[in-house]
Amino acid sequence: MRTDRLTWLLAPLHAVALATAAKSFRDNPILGNPALNRAGLHVLRIRAAAAMAARRRRHLAAAVDAADATALDRDGFVLKSGFLPQPQFAALKAQALGLAAPAREMMQGDAVTRRIALDARALARSPSLRGLAEDSRWLGLIRYAGSSALEPALYIQTIFSRAVPNALDPQTHLHADTFHPTVKAWFFLTDVAADDGPFTYVPGSHRLTPERLCWEREVSIRARACADNETQEGSFRIAESELAALGLPPPRTFAVPANTLIVADTMGFHARGRSLRPSMRVELWAYGRRNPFLPWLGWDLAAFPGIKGRAVPLAWAAADLGEWLGFGRNPWRAAGVSTPTEPPRLDLFKPSSATRTENKGPPVAQVGG
């Protein structure tokens, strides 16, 4: 009875969320309502978001090479081998791998991901990294793929595959991040072999074909009751055996050398390839996601004065505070000052490593300025 009353009290907020990037079928009873999705609610949101994205991309096209825009429109990704001149790449790699800064780590299945935020403080120490962060080619591709003049979150990311004996990393399952165009970019600082967990993408899977829309409708009807947590949260999983029925080709695996850039619309189906042994890959990783229903290009909160260059540390601090207040565990555990290649902090993921009862006060997070 108490839950029912709370649902009714929150109904106006759940309704307003329909016009935002909200995607959780589990947390929002309107988004997750099977009858509404059978009637087409989820598909309507997808179509509306896609129309807005196409409109914004027309205004962003001038900032990217025509061939790259064509590749992104056709395939959902663009690959740029040898993105930087070799001397410039060597300087950037040395600065990135030698950077010691506050790090966060998360465990998913048998993999550990470390992220070091390239905020204003870190970039001030690393001119080569700052040069890439401000590179118009880099920003143009990210913003076109993300269909917005957004301020991407930028990290040095290290993936430690097969770091612990555990269940399979859920990121190795083909999935779409959400229901609308979003962007992720990988600029590889180390070579990635075919058996070292390479990025994988299904070419053309970002396009809203009749088959894709039909599949989205069917999954949306059962998403809230699905046993898969990520699907409940709106990141739909798909089996490779289902791709042919959607008119899609097999996934493409990107075993690439260092100094390769991949920018992708992650509404397309993608995954982290399965590593056959313990391995490590290091990359500059950028991410951008905005309210898909906004008609204008700018007004990204991360670009506002006082937030620009500090958005990631502020978000981490907010998540830490939310955990201390009892609103749920922050999966990104503070790992102290670290370089990208130091071994992962497996002690962070023991059940007793971080509980509210152990803390004597709100957590303190370093925020770059």
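See the structure printed just above.
Below is a short write-up of the structure. Remember, predicted model here, so these are calculated numbers, not experimental data. (Residues numbered from 1 in each chain as written. Predicted model: local features only at pLDDT ≥ 70, side-chain atom pairs only at ≥ 80, totals over all residues. Heavy atoms only, no water.)

### Concerning the sheet that holds strand 8 (residues 261–265)
Here's step 1: Pairing within the open sheet is antiparallel, and its eight strands lie in the order 1-8-5-10-4-3-2-11. Sheet topology places strand 1 (77–80) and strand 11 (333–338) at the edges, where each strand pairs with a single neighbour. Going across the sheet, the axis of each strand differs from the next one's by a mean of 25°, ignoring polarity.
Here's step 2: Relative to strand 4 (residues 153–161), strand 3 (residues 111–117) is paired through six bridges, and the arrangement is antiparallel. Bridging across to strand 4, Arg 114 finds its partner in Thr 158. (Pairing = 2+ DSSP bridges. Helix = DSSP H or I, 4+ residues; strand = E, 2+ residues; numbered from the N terminus. Axes fitted to C-alpha atoms, helices over the stretch in contact; angles between N-to-C directions.)

### Overview of the packing of aromatic side chains
Here's step 1: Within the structure shown, the criterion is met by 14 aromatic pairs.
Here's step 2: Relative to Phe 187, the ring of Phe 89 has its centre 5.8 Å away and its plane inclined at 90°; by these criteria the two rings are edge-to-face. Of this pair, Phe 89 sits in helix 6 (residues 86–98) while Phe 187 sits in strand 5 (residues 183–188), and the two are 98 residues apart along the sequence. Considered together, Phe 89 and Phe 187 belong to a single accessibility category, that of buried residues.
Here's step 3: Ring geometry for Phe 199 against Tyr 201: centres 6.1 Å apart, planes inclined by 40°, an arrangement best described as tilted. Judged on exposure class, the residue Phe 199 and its partner Tyr 201 are both buried.
Here's step 4: Site record: aromatic cluster; members linked through ring pairs are Phe 77, Trp 186, Phe 199, Tyr 201 and Phe 254.
Here's step 5: Seen from the ring of Tyr 144, Arg 57 lies directly overhead, with NZ or CZ sitting 5.8 Å from the centre.
Here's step 6: Stacked on the ring of Tyr 155, the Lys or Arg Arg 115 has its end atom at 5.2 Å from the ring centre. (Phe/Tyr/Trp six-rings, centres within 6.5 Å; stacked < 30°, edge-to-face > 60°. Buried < 20%, exposed > 50% of the residue type's maximum accessible area, 1.4 Å probe, protein only. Lys NZ or Arg CZ within 6 Å of the ring centre and 35° of its normal.)

### Details of a nonpolar patch on the surface
Here's step 1: On the surface, a cluster of nonpolar side chains totalling about 490 Å² of accessible area is made up of Trp 296, Trp 299, Leu 301 and Phe 304.
Here's step 2: By the secondary structure assignment, Leu 301 is in the loop between strand 10 (279–288) and helix 12 (311–324). (Patch = residues over 30% accessible without salt bridge, like charges linked within 9 Å, V, L, I, M, F, W, Y side chains within 5 Å. Areas by Shrake-Rupley, 256 points an atom, 1.4 Å probe, with all protein chains shown as cover. Salt bridge = Lys/Arg side-chain N within 4 Å of Asp/Glu carboxyl O.)

### Looking at the pattern of salt bridges
Here's step 1: All told, the structure shown has 20 salt bridges when counted by the stated rule.
Here's step 2: Where Asp 320 meets Arg 104, a salt bridge forms, and the shortest distance between an N and an O atom there is 2.6 Å. Of this pair, Asp 320 sits in helix 12 while Arg 104 is found in strand 2 (residues 101–108), placing the two residues 216 residues apart along the sequence.
Here's step 3: Its relative accessible area of 5% is what places Arg 104 among the buried residues.
Here's step 4: Note that Glu 216 is salt-bridged to Arg 212, the shortest N-O span being 3.0 Å. Placement of both Glu 216 and Arg 212 in helix 10 (residues 210–222) is noted, with a separation of four residues, approximately one turn of the helix.

### A word on helix 12
Owing to its 3.6 residues per turn, the α-helix brings residues three or four apart onto one side.
Here's step 1: Its 14 residues give helix 12 an end-to-end C-alpha distance of 20 Å, which sits within 8% of 20 Å, the value for a rise of 1.5 Å per residue.
Here's step 2: Among the residues of helix 12, Val 312, Pro 313, Trp 316, Asp 320, Gly 322 and Glu 323 are the ones counted as buried.
Here's step 3: Lining the buried residues of helix 12 we find strand 2, strand 3, strand 4 and strand 11.
Here's step 4: Following helix 12 by one or two positions, Gly 326 adopts a phi angle in the positive range, close to 95°. (Expected span 1.5 Å × (residues − 1). Contact = heavy atoms within 4.5 Å.)

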